[in-house]
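Structural overview
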Amino acid sequence: MRICCFGKDGLLSTELQAWLPELNPLSLNFLSKSDCDITDKDAVNQVFNTYCPTHVINAAAYTKVDDCETDASTANLVNGFALDHLIDACNQYGAALIHFSTDYVFNGTKETPYEEDDLPIPINAYGASKLIAETAIRSRLIEHYILRVQWVYGPAKPNFVSTILRLAKEKKEVHIVNDQFGSPTSTTSISKAVVNLILNKPEYGTYHFRTLKHTSWYDFAVYFLEKCKMNVAVIPVSSSEFKTKAKRPKNGVLNIGKWIYSDLYTPPTWENDVLNYLKKEKLI
Ligand SMILES: NC(=O)c1ccc[n+]([C@@H]2O[C@H](COP(=O)([O-])OP(=O)(O)OC[C@H]3O[C@@H](n4cnc5c(N)ncnc54)[C@H](OP(=O)(O)O)[C@@H]3O)[C@@H](O)[C@H]2O)c1
């Protein structure tokens, strides 16, 4: 197996660098944006020509959700149309593509967890750009896994957990949204899932992956702030009070029945996942 992973310096890709060696690949190459801009067809072809990958992991993306609202063309290019280059090259070289997507392809109005084949109706530019890629991959590349993940945090970059812990040190109170629901998932859990997916080779297609159980941003913050013994008032606020440029789906909960029934890695609960993160980061 020869693996190429795009988006080298990102939150998820940085963690994948610690886990993918477990697969004992013949070659493993991580490409940063300066090594290969995925919107540049020639650069993508050059990578395939050099490394002849059997597995391609696309962790490159434009992930600033609010900025995507004002720069939808970059979002569509990086998160959407660039996939055409990866799809073409994967087809040419017979490589399987592992691509990450998001719960933000859904509008969040469903009352139960979203299943893989529920109709995606994005309510922000980021979700719309990610849907362009999903649609292209599904229609033009058989050997693919689209892994929809959500609420990702990890040590490589500032994230919800590190940001709230920083604010808790600086302020007497923090305001956290209490009407959006999902499952906070560490980059460690996602990396284990990717290793497991490549090893176990379930049927190609789209899979949801997240930790077990779900919560709100507010309850998530209360949980880890307490574990870190932070003395700060946590004030619940509604999405309508906490204005952001991009709308977020209220219900982002992903049904992971397909993942579990495919006999893949069983994720921890979101509580255990964040406890492991806090311990590893020596925050508790
Ligand atoms: N983080 C989350 O909560 C979350 C939730 C759901 C899904 N996802 C998905 O998970 C995947 C990984 O996300 P992440 O959080 O690791 O993102 P990230 O930290 O923003 O990393 C993305 C990486 O891609 C690079 N990149 C941007 N444009 C590129 C281009 N044109 N060519 C090559 N590389 C480029 C970025 O470099 P620069 O920083 O230099 O631009 C960055 O290093 C993405 O597909 C994302 O949509 C993430």
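First, a word on scope: everything that follows refers to the structure included in this document. Quick caveat, the model's predicted, so the values are computed rather than measured.

About the thresholds
Residues numbered from 1 in each chain as written. Predicted model: local features only at pLDDT ≥ 70, side-chain atom pairs only at ≥ 80, totals over all residues. Heavy atoms only, no water. Near = heavy atom within 4 Å. Polar contact = N/O pair within 3.5 Å; in protein donor to acceptor, adjacent residues only side chain to side chain. Areas by Shrake-Rupley, 256 points an atom, 1.4 Å probe, with all protein chains shown as cover. Helix = DSSP H or I, 4+ residues; strand = E, 2+ residues; numbered from the N terminus. Nonpolar A, V, L, I, M, F, W, Y, C, P; charged D, E, K, R; others polar. Expected span 1.5 Å × (residues − 1). Buried < 20%, exposed > 50% of the residue type's maximum accessible area, 1.4 Å probe, protein only. Contact = heavy atoms within 4.5 Å. Salt bridge = Lys/Arg side-chain N within 4 Å of Asp/Glu carboxyl O. Pairing = 2+ DSSP bridges. Axes fitted to C-alpha atoms, helices over the stretch in contact; angles between N-to-C directions.

**Digging into the site of the ligand**
Close to the ligand lie 23 residues, the nearest being Leu11, Leu12, Thr63, Tyr126 and Lys130. Tyr126 is positioned with one of its side-chain polar atoms (N or O) 2.6 Å from an oxygen atom of the ligand. About the coverage of the ligand: the protein hides 83% of its 900 Å² of free accessible area. Mapped by element, the contributors of at least two residues to the shell around the ligand are helix H1 (11–19), strand E4 (96–102) and helix H6 (125–140). Of the residues forming the shell around the ligand, the biggest block, three residues, is contributed by E4. Considered class by class, the residues forming the shell around the ligand number 12 nonpolar, six polar and five charged.

**Thoughts on H6**
Under the 1.5 Å per step criterion, the end-to-end length of H6 is 23 Å for 16 residues, consistent within 8% with the ideal 22 Å. Buried within H6 are the following residues: Ala125, Tyr126, Gly127, Ser129, Lys130, Leu131, Ala133, Glu134, Ala136 and Ile137. Close packing links the buried residues of H6 with helix H3 (65–70), helix H4 (72–81), helix H5 (83–93), E4 and strand E5 (144–149).

**What about the pattern of salt bridges?**
Taken as a whole, this structure holds 10 salt bridges when the rule is applied. Note that Glu271 is salt-bridged to Lys213, the shortest N-O span being 2.8 Å. With Glu271 in helix H11 (residues 270–280) and Lys213 in the loop between strand E10 (205–208) and strand E11 (215–216), this pair connects stretches of sequence that are 58 residues apart. The exposure class assigned to Lys213 is partly exposed, which follows from its relative accessible area of 46%.

**As for the sheet that holds E5**
Strands sit in the order E2-E1-E3-E4-E5-E10 across an open sheet of six strands; the sheet is parallel. Looking at the sheet topology across the chains shown, the edges are occupied by strand E2 (27–31) and E10. Going from strand to strand, the sheet's axes swing by 15° on average, the running direction of each strand aside. Across the sheet, helix H8 (residues 187–200) lies against strand E3 (55–58), E4 and E5, angled at about 150° from E4, the strand it touches most.

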